[in-house]
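This is what each chain is made of:
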Amino acid sequence: MQAFVVKGDTAKLESVPLPTPGSDEALVKVLIVGVCNTDLEIMKGYMGFSGVLGHEFVGEVAECASKLELVGKRVVGEINLACCQPAECTTCARGGVVARNHCANRTVLGILKKDGTYAQYLTLPVRNLHVVPDSVSTQNAAFAEPLAAALRIREQQLVKPGDKVCVVGDGKLGLLCAITLAKDGAKPVLVGRHEDKMKLAVGAQPVLASKALPEYAGAFDVVVDATGNPDGLQLSQQLCTPLGTLVLKSTCAAGTTFNTAPYVIDELKIIGSRCGPFEDALEMLANGLDLTPLISATVPFAEVERAIALAGKKGTLKIQLQM
């Protein structure tokens, strides 16, 4: 089969053997793939990953010995593969979300010791798979993984009724956070740099980052930082009220000069927020949420290098690979 493989500082489309599913796994024919910023960072050396790139996908189950009724079904998949050895792993013994997201022995699809989605076929444990409702298009279903990540904020119960909420960052994840918070009735303010992109977050109030201060200084009980850069994190802190909650949705390499004083002085609660509930994401899509306006281009898999170049351009939203 054809796969896009990362090896050290090189990445290319090549022929690789068809993967063999384990006893608890399914063989999935990949239908469509979402290109994520994490994929671009992995190609630069992030996580030291070698193997097939990618973690966002919709596929069709080709083989599944342990659950035959899945064969032929469209599926999406959770990216964290816990070891599921409760006798040996204290995290998996706790079960629930902590096991789902934080098993110390986990592999991660296309990110850590597990071949990913930029391939004609992949394998995943049956427990990681979720059937796509018939009413949800394949293109729309490909947003399930990042949408679930945005819905992790709801799952963590970080926003209380009456809270004033702000999302900083108008990239793909920032838009999804603003959209889901608006769906949940939070009436968020979305702070970003691109008016055209912020319009896609239906239900959010757009504010240009250049005009956010001083008007909104200390104005929000919950601020979600989805910028992935130190300047954005600093702005998020300035928008957060004393005793407020700062939610980190994207990693930020702040460096050794990072100043903790404002966070301590304002007694802010800083909460990391990562992978979320696929069930909730698929339910929201099935209930009519259409995220396809966030697609900038759909590119044939044979042109994967062009797709990656497009994804790396400023202002680009979601690039999808059609298999």
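See above for the structure.
Residues numbered from 1 in each chain as written. Predicted model: local features only at pLDDT ≥ 70, side-chain atom pairs only at ≥ 80, totals over all residues. Heavy atoms only, no water.

So what about the side chain of Lys-197? Which residues, and what values?
Within the fold, Lys-197 resides in helix H7 (residues 195–198). Taking the relative accessible area as the measure of exposure, Lys-197 reaches 8% and is therefore buried. In this structure, Lys-197 is in contact with Asp-170, Gly-171, Leu-175, Gly-315 and Leu-317, ignoring residues within four places of it in sequence. (Helix = DSSP H or I, 4+ residues; strand = E, 2+ residues; numbered from the N terminus. Buried < 20%, exposed > 50% of the residue type's maximum accessible area, 1.4 Å probe, protein only. Contact = heavy atoms within 4.5 Å.)

Provide a residue-level description of the pattern of salt bridges, including the pertinent values.
Counted under the stated rule, the structure contains twelve salt bridges. Note that Lys-7 and Glu-14 form a salt bridge whose closest N and O atoms lie 3.5 Å from each other. The closest approach of N and O atoms between Lys-114 and Glu-25, which form a salt bridge, is 3.3 Å. In this pair, Lys-114 is assigned in strand S9 (residues 113–114) and Glu-25 in strand S3 (residues 25–35), connecting sequence segments 89 residues apart. (Salt bridge = Lys/Arg side-chain N within 4 Å of Asp/Glu carboxyl O.)

A description of the packing of aromatic side chains should follow, citing residues and the corresponding values.
In this structure the tally under the stated criterion is two aromatic pairs. Measuring from ring centre to ring centre gives 6.1 Å for Phe-4 and Tyr-118, while their planes differ by 35°; the resulting arrangement is tilted. Separated by 114 residues along the polypeptide, Phe-4 in strand S1 (residues 2–7) and Tyr-118 in the loop between S9 and strand S10 (121–125) bring together distant segments of the chain. Ring centres of Tyr-216 and Phe-220 lie 5.7 Å apart, and the angle between their planes is 20°; on these two criteria the pair is classed as stacked. Taken individually, Tyr-216 and Phe-220 each receive the classification buried, so the pair is uniform in this respect. (Phe/Tyr/Trp six-rings, centres within 6.5 Å; stacked < 30°, edge-to-face > 60°.)

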